[in-house]
Amino acid sequence: MIEVEHVSKVYNGRRAVDDISFRVEKGEVLGFLGPNGAGKTTTMRILTCYMPSTEGTARIAGYDVFEDSIEVRRRIGYLPENPPLYMEMTVESYLDFVARIKGVRPRQRKSQVNDVIEKCNLGDVRSRITGKLSKGYKQRVGLAQALLNNPEVLILDEPTLGLDPKQIYDIRTLIKGLAENHTVILSTHILPEVSMTCNRVVIINKGKVVAMDTPDGLARQMAGAERVSLTVEGPADVVRDKLASIDGVLNVQASDPATETSTTYTVECKLGSDLRSTLAAAVVTQGWGLLDLHGVSMSLEDVFINLITKE
Amino acid sequence: MQNILAIWQREMKSYFVSPVAYVVLTIFLFLCGLFFFGGLAQLVQISISQAQMGGQIPIDVPREVTSYLFRTMALILLFLVPMLTMGLFSEEKKRGTIELLLTTPVGNSQALAGKYLASLTFLVVLFAASAITILPLFVYSQPDWKPILSGYFGMFLYGAALLALGLFISTLTENQIIAVFITFGVSLVLWVIALAGEWAVGSARSIIEYLSVIGHLDDFIKGVIDTSHIIYYVTFAFVGLFLAYRSLESMRWKG
Ligand SMILES: Nc1ncnc2c1ncn2[C@@H]1O[C@H](COP(=O)(O)OP(=O)(O)OP(=O)(O)O)[C@@H](O)[C@H]1O
Ligand SMILES: [Mg+2]
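The rules behind each value
Residues numbered from 1 in each chain as written. Chains lettered and ligands numbered in written order. Predicted model: local features only at pLDDT ≥ 70, side-chain atom pairs only at ≥ 80, totals over all residues. Heavy atoms only, no water. Helix = DSSP H or I, 4+ residues; strand = E, 2+ residues; numbered from the N terminus. Buried < 20%, exposed > 50% of the residue type's maximum accessible area, 1.4 Å probe, protein only. Contact = heavy atoms within 4.5 Å. Pairing = 2+ DSSP bridges. Axes fitted to C-alpha atoms, helices over the stretch in contact; angles between N-to-C directions. Buried area = accessible area lost by both parts, 1.4 Å probe. Salt bridge = Lys/Arg side-chain N within 4 Å of Asp/Glu carboxyl O. Polar contact = N/O pair within 3.5 Å; in protein donor to acceptor, adjacent residues only side chain to side chain. Nonpolar A, V, L, I, M, F, W, Y, C, P; charged D, E, K, R; others polar. Domains from an automatic or database assignment. Expected span 1.5 Å × (residues − 1). Near = heavy atom within 4 Å. Donors = N, O, S within 2.8 Å, 3.2 Å for Na, K, Ca; no water. Patch = residues over 30% accessible without salt bridge, like charges linked within 9 Å, V, L, I, M, F, W, Y side chains within 5 Å. Areas by Shrake-Rupley, 256 points an atom, 1.4 Å probe, with all protein chains shown as cover. Parallel < 35°, antiparallel > 145°, perpendicular 65-115°, else oblique. Left-handed = near helix turned anticlockwise from the far one by under 90°.

1. Examining the overall build of chain B
Along the backbone of chain B there are ten helices and zero strands. Across its three principal axes, chain B shows a C-alpha extent of roughly 75 × 45 × 30 Å. Burial status across chain B gives 48% buried among its 255 residues. If you take every contact in chain B between residues at least 6 apart in sequence, the share linking residues at least 24 apart comes to 77%.

2. Some details on the sheet that holds strand β8 (residues 183-188) of chain A
All names here are of chain A. Strand order across the open sheet formed by six strands is β6-β7-β8-β3-β9-β10, with mixed pairing between neighbours. The open sheet has two free edges, formed respectively by β6 (76-79) and β10 (208-213), since each of these has just one partner strand. Within the sheet, the average angular offset between the axes of one strand and its neighbour, ignoring direction, is 15°. For β6 and strand β7 (residues 153-157), the ladder comprises four bridges, and the chain directions are parallel.

3. Remarks on the pairing of β8 of chain A
Consecutive side chains along a regular strand alternate between the two faces of the sheet. Residue and element names in this part refer to chain A. Within β8, six of the six residues are buried, leaving the element largely enclosed by the surrounding structure. Every second residue of β8 is oriented toward a common face, with Thr-183, Ile-185 and Ser-187 on one face and Val-184, Leu-186 and Thr-188 on the other, all of them buried. Examined bridge by bridge, strand β3 (residues 29-33) and β8 share five bridges and lie parallel to one another. Directly across from Phe-32, in β8, lies its bridge partner Ser-187. With five bridges joining them, β7 and β8 adopt parallel strand pairing.

4. Things to note about the interface of chain B and chain A
At the junction of the two partners, chain B supplies 27 residues and chain A supplies 34 residues. Both sides together, the interface formed by chain B and chain A hides about 2,700 Å², and carbon and sulfur atoms give 62% of it. At the boundary of chain B with chain A, the tally comes to two salt bridges. In this structure, the salt-bridge partner of Arg-10 of chain B is Glu-88 of chain A, at a minimum N-O distance of 3.1 Å. Put simply, chain B and chain A have seven residue pairs in polar contact (both at pLDDT 80 or more) between them. Among the elements of the structure, α1 (2-17), α3 (61-95), α4 (98-101) and α10 (227-253) of chain B are those that each provide at least two residues to the side of chain B that touches chain A. For the side of chain B that touches chain A, the element with the most residues is α1 of chain B, which contributes nine residues. When the residues that make up the side of chain B that touches chain A are grouped by side-chain class, the tally is twelve nonpolar, nine polar and six charged.

5. Observations concerning the domain arrangement of chain A
When the domains of chain A are assigned, the result is domain 1 (2-220) and domain 2 (224-297). Its C-alpha centre places domain 1 of chain A at a distance of 46 Å from the equivalent point of domain 2 of chain A.

6. Considering helix α2 (residues 19-52) of chain B
Given a rise of 1.5 Å per residue, 34 residues ought to cover 50 Å, and the 49 Å separating the end C-alpha atoms of α2 of chain B matches this to within 8%. Along α2 of chain B, the residues that are buried comprise Val-20, Ala-21, Val-24, Leu-25, Phe-28, Cys-32, Gly-33, Phe-36, Gly-39 and Leu-43 of chain B.

7. A look at the site of ligand 1
Residue and element names in this part refer to chain A. In the vicinity of ligand 1 lie 14 residues, with Lys-40, Thr-41, Thr-42, Glu-81 and His-189 positioned nearest. Taking Arg-14, its side chain carries an N or O atom lying 3.2 Å from an oxygen atom of ligand 1. In the model, an oxygen atom of ligand 1 is placed 2.8 Å from a nitrogen or oxygen of the Gly-37 main chain. Looking at the shell around ligand 1, the elements with two or more residues in it are β2 (14-24) and α1 (40-47). Examining the composition of the shell around ligand 1, we find that three residues originate from one element, α1, more than from any other. Its residues placed into classes, the shell around ligand 1 shows four nonpolar, six polar and four charged.

8. A word on the coordination of the magnesium ion (ligand 2)
Protein coordination at the magnesium ion (ligand 2): the donors are Thr-41 of chain A (OG1) and Glu-81 of chain A (OE), at 1.9 to 2.2 Å from the metal. Here the residue Thr-41 of chain A occupies a position in helix α1, and Glu-81 of chain A occupies one in the loop between β6 and α3 (91-101), the gap between them amounting to 40 residues.

9. Some remarks on a nonpolar patch on the surface
Residues and elements named next belong to chain B. Where nonpolar side chains cluster on the molecular surface, the patch consists of Ile-207, Tyr-210, Leu-211 and Ile-231 and spans about 390 Å² of accessible area. Looking at which element gives the most residues to the nonpolar patch, the answer is helix α8 (residues 202-211), with three residues. Its place among the elements puts Ile-207 in helix α8.

10. What about the packing of helix α7 (residues 176-199) of chain B against α8 of chain B?
Residues and elements named next belong to chain B. Where α7 meets α8, the axes come as close as 8 Å, and the angle between the chain directions of the two elements is 160°. The pairing of α7 with α8 is recorded here as roughly antiparallel in orientation. Remark: the crossing between α7 and α8 carries left-handed chirality. Across from Leu-190, Ile-193, Ala-196, Gly-197 and Glu-198 in α7, the residues of α8 making contact are Arg-205, Ile-208 and Leu-211. Grouping the amino acids of the contact of α7 with α8 by side-chain chemistry returns five nonpolar, one polar and two charged.

11. As for the sheet that holds strand β1 (residues 2-11) of chain A
Residue and element names in this part refer to chain A. Taken together, the four strands give an open sheet; going across it, the order is β2-β1-β4-β5, and neighbouring strands pair in antiparallel fashion. What marks the edges here is a single partner per strand, and that holds for β2 and β5 (63-64). Across the sheet, α1 lies against β1, β2 and β4 (55-60), angled at about 120° from β1, the strand it touches most.

12. Focus: the pairing of β2 of chain A
Residue and element names in this part refer to chain A. In this structure, β1 lies alongside β2, joined through seven bridges in antiparallel fashion. Of the residues in β2, the one forming a bridge with Val-10 is Arg-15. Hairpin connection of β1 to β2: two residues between the antiparallel strands, including Asn-12 at a positive phi of 40°.

Here's what the structure looks like:
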C-alpha cells in the first residue's frame, strides 16, 4: 500500500532523512519510532505530498507522491504534528469545511461529520470555537479531520500527543479498529503505544532506519538471546558454574543474594532455545532449592535506548 | 468548483469574524464621507469666487464631486487593500493550516481562486457601501450615470490588480505585518512612479507612465472606457495571480 524507496531529504545541506526504505502492506499499522529530530515528521510530509523528497521515490496505493500528487491526496488522511485548525471556526463548521475540500459528496457530509465527531468523542464541543479548545481536544479535532472521507491510508504524526490517559486508550482502540480496513502509519516517542497498536515498527535515528520488525521480534532480536531468571537456594559459586556448563548457556550473572541462602541468576541462552526445563532439572537433581524461574524479555524501552545510543 | 466555493466561504466568514472587515469598512466609509463633504465644500468655494469674479463657466457639480471622490477612493484603497490580503496565505502558513490545504485534493489554482474571489467580493461590498455617499447627488440633482458606473468599473479593476499583488505577497511570508508593509510599499511605488515619469523624456517617459497604476484610472473617471486601460489592469492582476501560483508551487516542490 505504501512503498518508500531510498528517500532522502536535505534541508540547506543538512540531511534530515537519509536513504529510508520501507513498505507498509494493506491493513497494517506501522509505528514510526525515533527520538526528537529523527526525521519522522519530515518523512510523513513527503508521503503526504506536502514537500518533495530530495532523492528517492514514494508511492501510495500505486501512485507516486510526486507525479500523481492529487491521486495520492484523495486517498490519505493526514494528522500533521500541529493540528491544522482554523481558530475562528466551530468544531462542526471546521469539519464540514474539511469534508468539502476533501470532496465528500454534499449529501454525505452531515453524516460523515457526525460520524467522526462520535468516533473522536467530540460531541460535547461540537459547537465550540476550535481556537479556544484545550490541547487534547484540538488534537482530537485534528484526528477527526484526518478520518473524514474514509481514506484508505492514514498518516498520523503523534496522534496521542497531549491527550489524557483515558483518551489515549480510546484513540489507540480507535486506531486498532481502523486497521481492519485502513493502512496506518503513526509516529510516536511512546513505546507502549507501539507494542499496543502496531503490527510493525520502524525505528529511525538521525534520518536513518536502524531497525524494522514486529514489536516482539524487535525485543528478541535486540536481546540476541533468550534470558531466564532463576532464584536458587544453594552455594552461589557452585551453582553458577553448574549453570554455565549447561549446553546452550552463553552467560550467567549472579545478582546480590536475594536472601541469606538464595541467589538470583540471570542466564543468557542462545537465541531460539528454550532451556527453562533443562535449567530446572539441573538445579533440582543437584538437590538445591529452586525458588523461582521465569523468562525475561527485553522491554521495548531497552531496545530503543540500545539502538539509538549505539553509534 | 466545490473547493473554490468552500474556500471562498471560509475566507468570507473569516473576514467578518475578525475585526479586519469592520475596521476596513469603517475607515473606508468615514474617509469617503469626509472627502465627499470636503470636495463639496471646495466646489462651493470655487463657485462663490467665480461668481464674484463674474465667471461664466458653469460647474457640473455632481461630476466634479464624483471624480474627486473616486480619486480619493483610489488613495484610500492603497492603504486598505494590503489589509484585505495580508492574511490570505500568511495566516495559513503561520497556523499550519497550509499543511491541510496542500495535502487535501485542492489544487493550488483552486485555493488561489477561492481566496482571490473572497477579496474581490469584499471590494464589491466596500463599493456598495460607498454608494451611500453618492446617493445624495441623485436626490438633489440629476448626475450623469455613465461616469459613475465607468468610475466604479475602473475602481474595481484597479482594486482587483492591487488585490492580486497583495495575494502574491501573502504567499511569501508567514508574518501578516510584513505582508501589509510590503504590499503597501510596492503599491506605493507603482503610484508615485508617475511622478518620476515627469522628469523622464522620450520613450522612458511613456513606459513609466504606462506602468503607473493610477494613470489608467483617469479615463474611467471621466466616463471613458478604453480597452487599453482594461488590458493594463487585467494584465496586472494576471501577473499577480501567476506569481502567487508559482510561489505556491515552489512551496510544494522546493528542494
Ligand atoms: N523546514 C525545515 N527547515 C530546516 N530544517 C528542518 C525543517 N524541518 C525539519 N528540519 C530538521 O530536520 C530534522 C528532522 O526533523 P523532523 O521534524 O522530521 O523530526 P521528528 O522526528 O519529527 O522530531 P520530533 O520527534 O521532535 O517531532 C531536524 O533536525 C530538524 O531540525
Ligand atoms: Mg515530528
